[in-house]
Amino acid sequence: MPIFHLDHRLADFDKWLGVFRDGSLRKEREAEFGVATRRVVRDANDPNHVIVIMEAPSRDAIDNMANHPQVQERFADTSIFTEPPKVIAGYEGTDIGTMSEGDVSAFFLDQQLVDYDKWSEMRSGNEAERNEVMQKHGVNPVRLLHDIDNRNHVVVVMQAPNRAAMENMLAEPTAQANFANKEVFARTPEITGQFSGVDV
């Protein structure tokens, strides 16, 4: 089942978290529309920015839930939200590694591709070398998110000790040589966020 990332810009994280954890309205609407919250992650650089990751049968299910009058009323509460939450994208998720426990940040590495199949072949072809580079920098890929609306858009979720480790890994000559392949990459991959899990 697809997962959807809902971007939340908050006025007060603690107030939002209390309401979200209570969750009576949320759980009722999730059950009504066949939606389930799977994870909440908080932006390391903006404590009032979270992404709620929800599983749903379709984008329509997410939109119908978000457009429910009670949910719209909650989103209009400016003591909690600075703007209504919005869907960033929908993904098919594939586990590609094991998530480490403890205080390790997750980074979203956004990749705009020219040809997904060539990218997949490239990943398979240089797996040993790629793994060596990632180990050198303490980076652990844990999940591949494939955009359900754009075959050539993928996000790799990676755990790393810090942003510098991610940047140093991406600056490696072998990585840069791969990114220069214009038959595969539309642009150099971008780190689009550093997040930590929120216990809900």
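Residues numbered from 1 in each chain as written. Predicted model: local features only at pLDDT ≥ 70, side-chain atom pairs only at ≥ 80, totals over all residues. Heavy atoms only, no water.

A closer look at the packing of aromatic side chains
Logical step 1: Inspection of every chain in the model, using the stated rule, returns 6 aromatic pairs.
Logical step 2: With a centroid separation of 5.4 Å and 75° between ring planes, the pair formed by Phe-75 and Phe-81 is classed as edge-to-face. For the pair Phe-75 and Phe-81, one class covers both residues: buried.
Logical step 3: Ring geometry for Phe-108 against Phe-195: centres 4.8 Å apart, planes inclined by 35°, an arrangement best described as tilted. Of this pair, Phe-108 sits in strand E5 (residues 105-112) while Phe-195 sits in strand E8 (residues 190-197), placing them 87 residues apart in sequence.
Logical step 4: Taking the relative accessible area as the measure of exposure, Phe-195 reaches 3% and is therefore buried.
Logical step 5: Taken together, the ring pairs in this structure connect Phe-13, Trp-16 and Phe-20 into an aromatic cluster. (Phe/Tyr/Trp six-rings, centres within 6.5 Å; stacked < 30°, edge-to-face > 60°. Buried < 20%, exposed > 50% of the residue type's maximum accessible area, 1.4 Å probe, protein only. Helix = DSSP H or I, 4+ residues; strand = E, 2+ residues; numbered from the N terminus.)

A closer look at the confidence of the model for the protein
Logical step 1: Model confidence for the protein is summarised by a mean pLDDT of 93, while 99% of its residues fall at 70 or above.
Logical step 2: Element-level pLDDT for the protein is lowest in helix H6 (residues 127-136), with a mean of 90, against a maximum mean of 97 in strand E1 (residues 3-10). (pLDDT = per-residue confidence, 0-100.)

Some words on the sheet that holds E1
Logical step 1: What the 8 strands build is a closed barrel, ordered E1-E3-E2-E8-E5-E7-E6-E4; its pairing is antiparallel. Geometrically, the sheet is characterised by an average inter-axis angle of 35° between neighbouring strands, direction not taken into account. (Pairing = 2+ DSSP bridges. Axes fitted to C-alpha atoms, helices over the stretch in contact; angles between N-to-C directions.)

A word on the pairing of E8
Two faces belong to every sheet, and in a regular strand the side chains alternate between them.
Logical step 1: Sheet topology places strand E2 (residues 36-43) next to E8; 3 bridges connect them, and they run antiparallel. Looking at E8, one finds that Asp-43 is bridged to Phe-195.

Thoughts on the packing of helix H2 (residues 24-33) against helix H3 (residues 59-66)
Logical step 1: Direction vectors running N to C along H2 and H3 enclose 140°, while the axes themselves pass 10 Å from each other. As summarised for this structure, H2 and H3 are arranged oblique, according to the angle between their axes. Once H2 is placed against H3, the crossing between them reads as right-handed. Along its contact with H2, which presents Arg-29, Glu-30 and Phe-33, the element H3 presents Ala-61, Asn-64 and Met-65.
Logical step 2: For the contact of H2 with H3, the per-class residue count stands at 3 nonpolar, 1 polar and 2 charged. (Parallel < 35°, antiparallel > 145°, perpendicular 65-115°, else oblique. Left-handed = near helix turned anticlockwise from the far one by under 90°. Contact = heavy atoms within 4.5 Å. Nonpolar A, V, L, I, M, F, W, Y, C, P; charged D, E, K, R; others polar.)

Focus on the side chain of Asp-110
Logical step 1: By the secondary structure assignment, Asp-110 is in strand E5.
Logical step 2: Among the polar contacts listed, one links the side chain of Asp-110 to the side chain of Arg-187, at a separation of 2.5 Å.
Logical step 3: For Asp-110, the contacting residues outside a window of four places in its chain are His-153, Val-154, Val-155, Arg-187, Pro-189, Glu-190 and Thr-192. (Polar contact = N/O pair within 3.5 Å; in protein donor to acceptor, adjacent residues only side chain to side chain.)

Details of the pairing of strand E7 (residues 153-160)
Logical step 1: Most of E7 is tucked away, with 8 of its 8 residues classed as buried.
Logical step 2: Residues His-153, Val-155, Val-157 and Gln-159 point to one face of E7 and Val-154, Val-156, Met-158 and Ala-160 to the other, with burial holding for every one of them.
Logical step 3: The sheet contact formed by E5 and E7 spans 8 bridges and is antiparallel. What sits directly across from Gln-112, in E7, is His-153.
Logical step 4: By the bridge criterion, 6 bridges tie strand E6 (residues 140-147) to E7 in an arrangement that is antiparallel.

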